Amino acid sequence: MSLPRKRLPAAERRESILAAAAEVFGTHGYAAATTDAIAQRAGISQALAIRTFGSKEALFIATAERVVDRVAEAFRA
């Protein structure tokens, strides 16, 4: 018997998707990365990943912005 999955708050779910996307895009590049692979890495459905970001392109842009923000924070520190 499996335990019910804990539902993450939207902000935490968004961050988990972005973290998974950074790994998948970083490993495979934009063209070869799939939203299905990102969703699997994040432990969610592909439909939820797309519903959260709208498209693969929008997810990539959000991921890139997150990475740039983290690099900028590191330089400020």
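Report follows, based on the coordinates. (Residues numbered from 1 in each chain as written. Predicted model: local features only at pLDDT ≥ 70, side-chain atom pairs only at ≥ 80, totals over all residues. Heavy atoms only, no water.)

With that out of the way, let us pick up the overall build of the chain. Helix and strand counts for the chain come out as 4 helices and 0 strands. Each helix and strand of the chain, placed in order from N terminus to C terminus, yields the pattern α-α-α-α. Across its three principal axes, the chain shows a C-alpha extent of roughly 45 × 30 × 20 Å. Taken over 77 residues, the chain has a buried fraction of 26%. Carbon and sulfur atoms make up 57% of the accessible area of the chain, which totals about 5,400 Å². Mean positive and mean negative side-chain charge positions of the chain (11 and 8 charges, respectively) differ by 7 Å. (Helix = DSSP H or I, 4+ residues; strand = E, 2+ residues; numbered from the N terminus. Buried < 20%, exposed > 50% of the residue type's maximum accessible area, 1.4 Å probe, protein only. Areas by Shrake-Rupley, 256 points an atom, 1.4 Å probe, with all protein chains shown as cover. Lys, Arg positive; Asp, Glu negative; His and termini not counted. Charge placed at Lys NZ, Arg CZ, Asp CG, Glu CD.)

Time to look at the pattern of salt bridges. Tallied over the entire structure, the rule returns 3 salt bridges. For arginine 70, the salt bridge identified is with glutamate 15, shortest N-O distance 3.8 Å. Highlighted residues: arginine 70 in helix H4 (residues 56–76) and glutamate 15 in helix H1 (residues 10–32), separated in sequence by 55 residues. Given a relative accessible area of 48%, arginine 70 falls into the partly exposed group. Exposure remark for glutamate 15: the relative accessible area of 36% places this residue in the partly exposed category. (Salt bridge = Lys/Arg side-chain N within 4 Å of Asp/Glu carboxyl O.)

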